[in-house]
Amino acid sequence: MTNSWTDIKNADLVWIMGGNAAEAHPCGFKWVTEAKAERGAKLMVVDPRFNRSAAMADHYAPIRSGSDITFLSGVINYLLTNDKIHKEYVRNYTNAAFIVRDDFEFNEGLFSGYDEGKRSYDRSTWEYKFGPDGFAIRDMTLQDPRCVFQLMKKHFAQYTPELVERVSGTPKDKFLKVAEWVSSTANGERAMTIMYALGWTQHSHGAQNIRCAAMIQLLCGNIGIPGGGVNALRGHSNVQGITDVGTLTAAIPGYLALPTEQEPTLESHLAKRTFKPLTPNQTSYWQNYRKFYVSFLKSQFGANATKENEFGYNYLPKLDGIYDCIKMFDVMHQGKTNGLLCQGFNPLMAIPNSNKSREALSKLKFLVSMDPIETDTVRFWENHGEFNNIDPAKVQTEVFMLPVTSFAEEEGSVTNSSRVIQWKWKAADPYFESRTDIEILSDLFVRMRKMYEKDGGKGKDAILAVDWSYKDPLHPTVEELLTELNGKALVDLKDADGKVVRAAGQRLASFGEMRDDGSTDGCMWIYTGVYGPTGNNAQRRDNSDPSGLGVYGSWGFAWPANRRIQYNRASADVDGKPWSEAKKYMYWNGERWTGPDVPDYVPTIPPSRAVGPFIMNAEGVSRLWVRGLMADGPFPVHMEPFESPVGNLVFPKLKGNPVARAFKNDLEALGTSKDFPIVGTTYRLTEHFHYWTKSVHANAVMQPEFFVEISEQLAKEKGIKHGQMVRVRSKRGEVKGKAVVTKRLKPFMIDGKPVHEVGLPLNFGFIGETKKASPINGLTSAIGDANSQTPEYKAFLVNIEPITGPVA
């Protein structure tokens, strides 16, 4: 989230799309209801189903799953053609004025540089023009035909309300009401927040969905202000935290990059990431990347990380590609993987195309599950009839289950959607012989290191170089680990005058204290300050809010630097004056930037220095146009899901995302609308927590079995009665469940033809207290987003039929 849960109360307009906060985030949704009650805020919801959020909304607009880019592009076009933008914000705080190279082109859905054979872009033509001084050329009048603003107007002009209705199935009047309400916030006086979740991310073009939202908010001037932002709603209490600490396969903690094979030395890695500012006077924030990286290496390898060995850089693995879950299971399916350790992970339920996943698991030598409960994955080798049809005799995999403690049986920190790190204390002692994840992993590492010491082996040097200097190597404490994330001074740190500013051994107060000479460590720069010199700030529980803006700056610790709203320098104009007294947040008081939050800026840089407010970008401003960061284009483009009931009505030659993650056998497993004419989408239920609470009796009583939501029209067409058992099939598999015939779903008119959609809750399986069901992802395709590799769970093709005979 760019903002925070508590900041949502400052919104004048709340837009939920790609999520269902009232149902999936019922506690957080209270801030939406507070904005409505206290401020008179309006709530609008865009979703394929009339869900619980829509039931609370002032306006609801239906949309076909997978067509979000067209809808959002239509809003962008409305803002541009009607001149409903925050002009000064756009001119000064975005790259709208930057001039793009003359050889950049866009034709029939493809940008210049596309290589069909490689399914990738050469992005060199997406670059700016540069002057003789080395800085990017700008036209602050926004009139140059090659400036981003003019290219943007041209690019989005075709996304008219009529096209939105034709592609997305959203009635024109309902779409226009959304666009009009959005435009009402493009003035600095009113604020809109956009809330989304997996309904946007789980597409083959999911990252571009979110890009569209960011562009809308930038055109309206809604980034960096109270009540604004683009806010991702995490599905678990600690999803934000678990990605922060480096579980993404191409990242180390703090979202720094894991080296690639093309970066054999530390300098070769750093050279690609310490950018030169593109505008005069601009701060190059990522000159600090070196400090963050060297401090991380010192945390990893301690005394074994020296200047002479590039601080142990060579010990890090070098990537030859991205190993997301789709690729991991594809490699496993090829029989190239010996073992899999699942820590709090139930991949049979979570990875797309569960039939392929089951075959892949069967080819392992061993599978280890670290989980408080028995999962469907750990029982994958058992034949559960139609719900998990497998011959155990053909499974070569030896399965181990290591029971770990649950969240209630251990203390530590969790990081929520708002980036707020909060400490929790254990509520119960560990059950029976279960152990914490930390204990199990520590025991495993210590044993493995002893084996390497004795027998050697590939990777020996890296394993032996790891710094494991905890007080008790088998039982590191959570305080030790949080200290390691925070970082400390390894020698006395002195300022330019020779004064000691941080004594050796003392914890760092902020990432600004990190050094690149090996004199500091710190595993995760964004968390530096959470456990600083004054103690564990994650334990703070001061709920005072002097500003009344829901800042709560002394409750826990928000990364980075305890900042509650990111990019908050943009809440004031170029002279440092708030855009609006009603939205006064961070401003220049004549000496420094001040307000209720931590400035997202160098506090002492005055407005007269003309440094852009988005200091982490080389441009100093935000990006309506991305030069080379997005794999699938500098602007979003309508791309149909890989399984779609219709062709691409905007760009007929474009078949899905041209650079999406797709392996050959997954492409071969795609169905067509001839056999599977109905759109399927997945979602979660309030009564269940993903795949875990199906093992809890009370939850199973509230939602006992899998069901399929279908419209009254589809039910009539297929001869299906409410409560009747139905079979839902895709090319990859099938599931059975009771039909819930509902008004919440209605057919969409797409290009003059009706298209049906069915809703499939994902919380059920063949292990647990609920009635047995096949994994819902047995239906979904294993196609990944071009940027994040997130699978396309939210739009795929199925067919449905009633079951008239007896059902097992």
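Just so it is clear, the model here is predicted, and its values are computed rather than measured.

What about the overall build of the protein chain?
- The helix and strand tally for the protein chain stands at 22 helices and 31 strands.
- Radius of gyration (C-alpha) of the protein chain: 27 Å, near the 28 Å computed for a compact globule of 808 residues.
- When the backbone C-alpha atoms are referred to their principal axes, the protein chain occupies close to 85 × 70 × 55 Å.
- A burial count over the protein chain gives 58% of its 808 residues as buried.
- Considering only intrachain contacts with a sequence separation of at least 6, the fraction spanning at least 24 residues in the protein chain is 71%.
- Surface exposure of the protein chain reaches about 32,700 Å², of which carbon and sulfur atoms provide 53%.

Some details on the layout of surface pockets
- Taken as a whole, the second largest pocket holds about 320 Å³ of empty space.
- Looking at the lining of the second largest pocket residue by residue, the class counts come to 13 nonpolar, 6 polar and 4 charged.
- Mapping the lining of the second largest pocket onto the domain boundaries places at least three of its residues in each of domain 1 (5-235) and domain 2 (250-316 + 477-534).

Here we look at the pairing of strand β24 (residues 678-683)
- The element β24 is largely enclosed, with a buried count of 6 among its 6 residues.
- Every second residue of β24 is oriented toward a common face, with Ile678, Gly680 and Thr682 on one face and Val679, Thr681 and Tyr683 on the other, all of them buried.
- Pairing analysis gives 5 bridges linking β24 to strand β30 (residues 757-761), with the strands arranged parallel. Along β30, the bridge assignment pairs Tyr683 with Pro761.

Things to note about the nonpolar core
- In terms of nonpolar packing, the biggest core is built from 139 residues, with Trp15, Phe71, Val182 and Tyr293 touching the most fellow members.
- Residues contacting Val182, with those up to four places away along its chain left out, are Leu13, Trp15, Met44, Val75, Leu79, Met192, Ile216 and Cys220.
- Ranked by size, the runner-up nonpolar core spans 27 residues in total, among them Leu685, Val708, Leu760 and Ala773.

As for the UniProt feature "domain: Molybdopterin oxidoreductase" (unreviewed entry) in the protein chain
- The sites that UniProt annotates as "domain: Molybdopterin oxidoreductase" (unreviewed entry) are residues 1-379.
- Counting secondary structure, residues 1-379 comes out at 35% helix and 12% strand; the distance between its end C-alpha atoms is 36 Å.

Here we look at helix α7 (residues 161-168)
- What α7 keeps buried is the set Pro161, Leu163, Val164, Val167 and Ser168. Within α7, the buried residues cover an arc of 155° as seen down the axis, which keeps them to one side.
- Of the residues one or two after α7, Gly169 is the one with positive phi, at around 75°.

With respect to the sheet that holds strand β1 (residues 13-17)
- Reading across the sheet, the 5 strands line up as β3-β2-β1-β8-β9 and stay open at both edges, with parallel pairing between neighbours. Because the sheet does not close on itself, it has two edges, and the strands there are β3 (59-61) and β9 (230-232). Shown here is a sheet whose adjacent strand axes are inclined to one another by a mean of 20°, direction ignored.
- The pairing of strand β2 (residues 42-46) with β3 spans 3 bridges and is classified as parallel. If you follow Val45 over to β3, its bridge partner there is Tyr60.
- Helix α4 (residues 68-81) contacts β1 and β2 of the sheet and is inclined by roughly 155° relative to β1.
- On top of the sheet, helix α10 (residues 206-220) reaches β1, β8 (192-196) and β9; it is set at about 175° to β8, its chief contact.

Some words on the domain arrangement of the protein chain
- As assigned here, the protein chain comprises domain 1 (5-235), domain 2 (250-316 + 477-534), domain 3 (325-412 + 428-464) and domain 4 (664-802).
- Centre-to-centre, using C-alpha coordinates, domain 1 lies 28 Å away from domain 4.
- Taken together, the contact between domain 1 and domain 4 spans 26 residues of the former and 28 residues of the latter.
- Taken together, the two surfaces of domain 1 and domain 4 that pack against each other cover about 2,300 Å², and 52% of this comes from carbon and sulfur.
- Per-residue buried area on domain 1 facing domain 4 is highest for Arg49, Gln202 and Ser204; these three make up 27% of the total on that side.
- Summed over the shared surface of domain 1 and domain 4, the result is 3 salt bridges.
- Across the salt bridge formed by Arg52 and Glu687, the nearest N and O atoms sit 3.5 Å from each other.
- Where domain 1 packs against domain 4, one counts 12 residue pairs in polar contact (both at pLDDT 80 or more).
- Elements supplying a minimum of two residues to the side of domain 1 that touches domain 4: α1 (21-24), α7, α9 (198-201) and α10.
- With 4 residues, the single largest contributor to the side of domain 1 that touches domain 4 is α7.
- Of the residues contributing to the side of domain 1 that touches domain 4, the split by class is 8 nonpolar, 12 polar and 6 charged.

Points about the packing of aromatic side chains
- Inspection of the entire model under this criterion finds 41 aromatic pairs.
- For the ring pair Tyr285 and Phe511, a centre distance of 6.3 Å and an interplane angle of 85° mean the geometry is edge-to-face. On the criterion of sequence distance, the pair formed by Tyr285 in the loop between α12 (266-271) and α13 (289-301) and Phe511 in the loop between β18 (500-502) and β19 (531-532) is long-range, its members being 226 residues apart.
- Classification of Tyr285 as buried rests on a relative accessible area of 10%.
- Residues Phe292 and Phe511 carry aromatic rings whose centres are separated by 5.9 Å and whose planes lie at 85° to one another, so their mutual orientation is edge-to-face. A residue pair is termed long-range when its members are at least 10 positions apart, and Phe292 in helix α13 and Phe511 in the loop between β18 and β19 qualify at 219 residues.
- Among the aromatic residues, ring-to-ring pairing joins Phe104, Phe106, Phe111, Tyr114, Tyr121, Trp126, Phe156, Tyr159, Trp625, Phe635 and Phe651 into one connected group.
- The ring centre of Tyr323 lies 4.3 Å from the NZ or CZ of Lys327, which sits over that ring.
- Here the basic side chain of Arg507 rests over the ring of Tyr531, its NZ or CZ set 4.3 Å away from the ring centre.

Examining a nonpolar patch on the surface
- Together, Leu341, Leu441, Leu444 and Met448 give the surface a local cluster of nonpolar side chains, amounting to about 290 Å² of exposed area.
- Tallying contributions element by element places helix α17 (residues 437-455) first for the nonpolar patch, with 3 residues.
- Mapping Leu441 onto the fold places it in helix α17.

What counts and what doesn't
- Residues numbered from 1 in each chain as written.
- Predicted model: local features only at pLDDT ≥ 70, side-chain atom pairs only at ≥ 80, totals over all residues.
- Heavy atoms only, no water.
- Helix = DSSP H or I, 4+ residues; strand = E, 2+ residues; numbered from the N terminus.
- Rg over C-alpha atoms; globule rule 2.2 N^0.38 Å.
- Buried < 20%, exposed > 50% of the residue type's maximum accessible area, 1.4 Å probe, protein only.
- Contact = heavy atoms within 4.5 Å.
- Areas by Shrake-Rupley, 256 points an atom, 1.4 Å probe, with all protein chains shown as cover.
- 1 Å grid on protein atoms, 1.4 Å probe; cavity = no way out; pocket = protein on both sides within 12 Å on 5 of 7 lines; lining within 4 Å.
- Points joined across faces, edges and corners; volume = space filled by probe spheres on them.
- Nonpolar A, V, L, I, M, F, W, Y, C, P; charged D, E, K, R; others polar.
- Domains from an automatic or database assignment.
- Pairing = 2+ DSSP bridges.
- Core = buried A, V, L, I, M, F, W, Y, C linked by side-chain atoms within 4.5 Å.
- UniProt positions renumbered as here; feature names shortened; annotations may be inferred.
- Arc of directions from axis to C-beta.
- Axes fitted to C-alpha atoms, helices over the stretch in contact; angles between N-to-C directions.
- Buried area = accessible area lost by both parts, 1.4 Å probe.
- Salt bridge = Lys/Arg side-chain N within 4 Å of Asp/Glu carboxyl O.
- Polar contact = N/O pair within 3.5 Å; in protein donor to acceptor, adjacent residues only side chain to side chain.
- Phe/Tyr/Trp six-rings, centres within 6.5 Å; stacked < 30°, edge-to-face > 60°.
- Lys NZ or Arg CZ within 6 Å of the ring centre and 35° of its normal.
- Patch = residues over 30% accessible without salt bridge, like charges linked within 9 Å, V, L, I, M, F, W, Y side chains within 5 Å.

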